[in-house]
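# Overview (structure and organization)
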Amino acid sequence: MIIEIERDDLVVFSFIIGVVFGSFLNVLIYRLPKRVSLLINSTCPKCSHPISWYENIPLLSYLFLKAKCSSCKVSISYLYFTVEFMCGLLSILLFLQFSFSVDFILFSLLFYILIVLSFIDFEYKAVPDYLLLLAFLISFFCTNYPFLESFKNASIFAGFFILLDFILSFYVQNIKSYILNDETLKTQKALGEGDIPIVALIGVILGLKAGIVAIFLAGIFAIIPSIYNLILKKDTQIPFIPFLVLGFLFEFFINISSKVFS
């Protein structure tokens, strides 16, 4: 007997795969920076209440629990729901482009790592180097460009970013610190070192033209919270990796859509 599976069913299945992996990514985002074992059972960070399987169903448990711990009633961060839903959405978009193929697996793995890096950077303003290296290496398996051209693009983007970091850091450490009379700015870096591998993998996958657009979009996206902090007069350091990833994803799917409908 041959079982025919409708495309719509596969779309739903890809979404389920995404949210399940999103639930695991939430574990990585919480535990990797704290160096907590991935093998122990999940508990409430506030009251240490063991989380049962029915309290850990992606998306649904968050809604049924009304975003609160069933024991101490402390609020559960909306980021858990956001990560799961985002992974589900990305899985649908990748399935519509690649179906269930090797490319689907590779791009899913890359995007999942980028999501983990983004949310860790958002929270801690620092990311694990091994995840950056892993994402960079995987990018060479996700590109349509020859290896040498991909490596050249990565080098160009990384080199430009290092030069930009030098110029901006010089401004912050010398001119801005002098104007504001703030000695703490003397050692401040304008851009993070973790941004460089992300910029490089953008060049590997998108190439020069689309890569420049992606980084430009990242800068535009990053301006929004900067203006918000300026209005509220908050001196908060804004991580750039989440915006680089957002710009990359935006340009990546725009490119895919233009090729499909052209």
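Residues numbered from 1 in each chain as written. Predicted model: local features only at pLDDT ≥ 70, side-chain atom pairs only at ≥ 80, totals over all residues. Heavy atoms only, no water.

## A look at the overall build of the protein
On a plain count of helices and strands, the protein comes out with eight helices and zero strands. Reading the protein from its N end, one meets helices and strands in the order α-α-α-α-α-α-α-α. Buried positions account for 39% of the 262 residues belonging to the protein. If you take every contact in the protein between residues at least 6 apart in sequence, the share linking residues at least 24 apart comes to 66%. When the accessible surface of the protein is split by element, carbon and sulfur atoms take 68% of a total near 16,200 Å². (Helix = DSSP H or I, 4+ residues; strand = E, 2+ residues; numbered from the N terminus. Buried < 20%, exposed > 50% of the residue type's maximum accessible area, 1.4 Å probe, protein only. Contact = heavy atoms within 4.5 Å. Areas by Shrake-Rupley, 256 points an atom, 1.4 Å probe, with all protein chains shown as cover.)

## Some remarks on the side chain of Glu84
The topology assignment puts Glu84 in helix H3 (residues 78-98). As a buried residue without a salt bridge, Glu84 has its nearest oppositely charged side chain in Arg31, at a separation of 12 Å. A distance of 2.7 Å separates the side chain of Glu84 from the backbone nitrogen of Leu59, its partner in a polar contact. Apart from residues lying up to four places away in sequence, Glu84 is in contact with Gly18, Val19, Gly22, Ser23, Asn26, Pro58 and Leu59. (Lys, Arg positive; Asp, Glu negative; His and termini not counted. Salt bridge = Lys/Arg side-chain N within 4 Å of Asp/Glu carboxyl O. Polar contact = N/O pair within 3.5 Å; in protein donor to acceptor, adjacent residues only side chain to side chain.)

## Some remarks on the nonpolar core
Where a protein is soluble and globular, its nonpolar side chains tend to be buried together. Within the largest apolar cluster, 58 residues are counted, with the highest numbers of intra-cluster contacts made by Phe111, Leu114, Leu117, Ile198, Ile205, Phe248 and Phe252. For this core, the elements supplying multiple residues, two or more each, are helix H1 (7-31), H3, helix H4 (102-124), helix H5 (129-142), helix H6 (147-180), helix H7 (195-231) and helix H8 (241-261). The contacts of Leu117, once residues within four sequence positions are left out, are Val127, Pro128, Leu131, Leu132, Ala135, Ile198 and Ile241. (Core = buried A, V, L, I, M, F, W, Y, C linked by side-chain atoms within 4.5 Å.)

## Digging into the packing of H4 against H5
Look at H4 against H5: their axes get within 9 Å of each other, and the N-to-C directions meet at 155°. With respect to H5, the element H4 is oriented roughly antiparallel. Read as a crossing pair, H4 and H5 show a hand that is left-handed. Seen from H4, the contacting residues are Leu106, Phe107, Leu109, Leu110, Ile113, Leu114, Val116 and Leu117; seen from H5, they are Leu131, Leu132, Leu134, Ala135, Ile138, Phe141 and Cys142. A per-class count over the contact of H4 with H5 returns 15 nonpolar, no polar and no charged. (Axes fitted to C-alpha atoms, helices over the stretch in contact; angles between N-to-C directions. Parallel < 35°, antiparallel > 145°, perpendicular 65-115°, else oblique. Left-handed = near helix turned anticlockwise from the far one by under 90°. Nonpolar A, V, L, I, M, F, W, Y, C, P; charged D, E, K, R; others polar.)

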